[in-house]
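Residue-level listing of the chains:
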Amino acid sequence: MTSLQTDYDRLLSQASKDIYQGYDKLSTDDKLAFLYYVYEAMGASVTPAAPIAADPEIANPVIEAIYQQSAEEQLNAMRQIVNCEDTPISRAYGGLIVNAQLLVWYVWAEEMGNRVVDIPGDYTPSQGVQQVLDQIQGLEFQEQISLLREMATHMGHSDVKPAPTQAETGVTPSL
């Protein structure tokens, strides 16, 4: 078990873990739709949390990179991030702290239909997306944010791996 897994087990309730498992089973495009809808539904709650907890200057290069692309390129870049592909945009996102990652998705959701590709007008959320949305809305605000952080940290590409725990490496002699 990695230290990241230990943090996950310690920080999230069983209800949140169950919701995360449902989210994790969604297709790439359904995950993107979920992020859009969750920010739409929770916008008033997430709005004050994201900018205060993250330095916008850190997230700005990733946010702005999307604005320079065509709608198709934007969608492909977002898919690359969700799929943790080894691309420049996914690496840039993967290098951000989690609160900056949340800010990226918040800003992109706010700009959908303006500077960011929008969900097609005839799109209907899948049953899986609707179920995860309904479940997350039933959580307390802090639990919602913790769950969104968990989702955000499992996106983007990074070569940085968590340090092994003592349980993984065994006892080491002291200096």
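Residues numbered from 1 in each chain as written. Predicted model: local features only at pLDDT ≥ 70, side-chain atom pairs only at ≥ 80, totals over all residues. Heavy atoms only, no water.

Caption draft 1: The side chain of Lys31, seen in detail. Mapped onto the elements, Lys31 comes out in helix H3 (residues 28-53). For Lys31, a relative accessible area of 12% corresponds to the buried category. Apart from residues lying up to four places away in sequence, Lys31 is in contact with Tyr23, Asp24, Leu26 and Val82. (Helix = DSSP H or I, 4+ residues; strand = E, 2+ residues; numbered from the N terminus. Buried < 20%, exposed > 50% of the residue type's maximum accessible area, 1.4 Å probe, protein only. Contact = heavy atoms within 4.5 Å.)

Caption draft 2: Focus on the pattern of salt bridges. Across all of its chains, the model carries 5 salt bridges by this definition. One salt bridge connects Asp29 with Arg79, and the closest N-O pair in it is separated by 2.7 Å. Taken together, the positions of Asp29 in helix H3 and Arg79 in helix H5 (residues 71-82) put the pair 50 residues apart, joining distant regions of the chain. The partly exposed category is assigned to Asp29, whose relative accessible area is 36%. Between Arg91 and Asp159 there is a salt bridge, with the nearest N and O atoms lying 2.9 Å from each other. Here Asp159 lies in the loop between helix H9 (141-153) and helix H10 (166-169) and Arg91 lies in helix H6 (residues 88-94), a separation of 68 residues in the sequence. One continuous salt-bridge network, built from bridges that share partners, spans Asp86, Arg91 and Asp159. (Salt bridge = Lys/Arg side-chain N within 4 Å of Asp/Glu carboxyl O.)

Caption draft 3: View of the packing of aromatic side chains. One pass over the full model with this rule turns up 7 aromatic pairs. Taken together, a centroid distance of 5.1 Å and an interplanar angle of 90° make the contact between Trp105 and Trp108 edge-to-face. Placement of both Trp105 and Trp108 in helix H7 (residues 98-111) is noted, with a separation of 3 residues, approximately one turn of the helix. We classify Trp108 as buried; its relative accessible area is 1%. Site record: aromatic cluster; members linked through ring pairs are Tyr20, Tyr23 and Phe34. A cation over an aromatic ring shows up here: Lys31 above the ring of Tyr23, its NZ or CZ 5.2 Å from the ring centre. The ring of Tyr67 is capped by Arg115, whose NZ or CZ atom sits 3.8 Å from the centre of that ring. (Phe/Tyr/Trp six-rings, centres within 6.5 Å; stacked < 30°, edge-to-face > 60°. Lys NZ or Arg CZ within 6 Å of the ring centre and 35° of its normal.)

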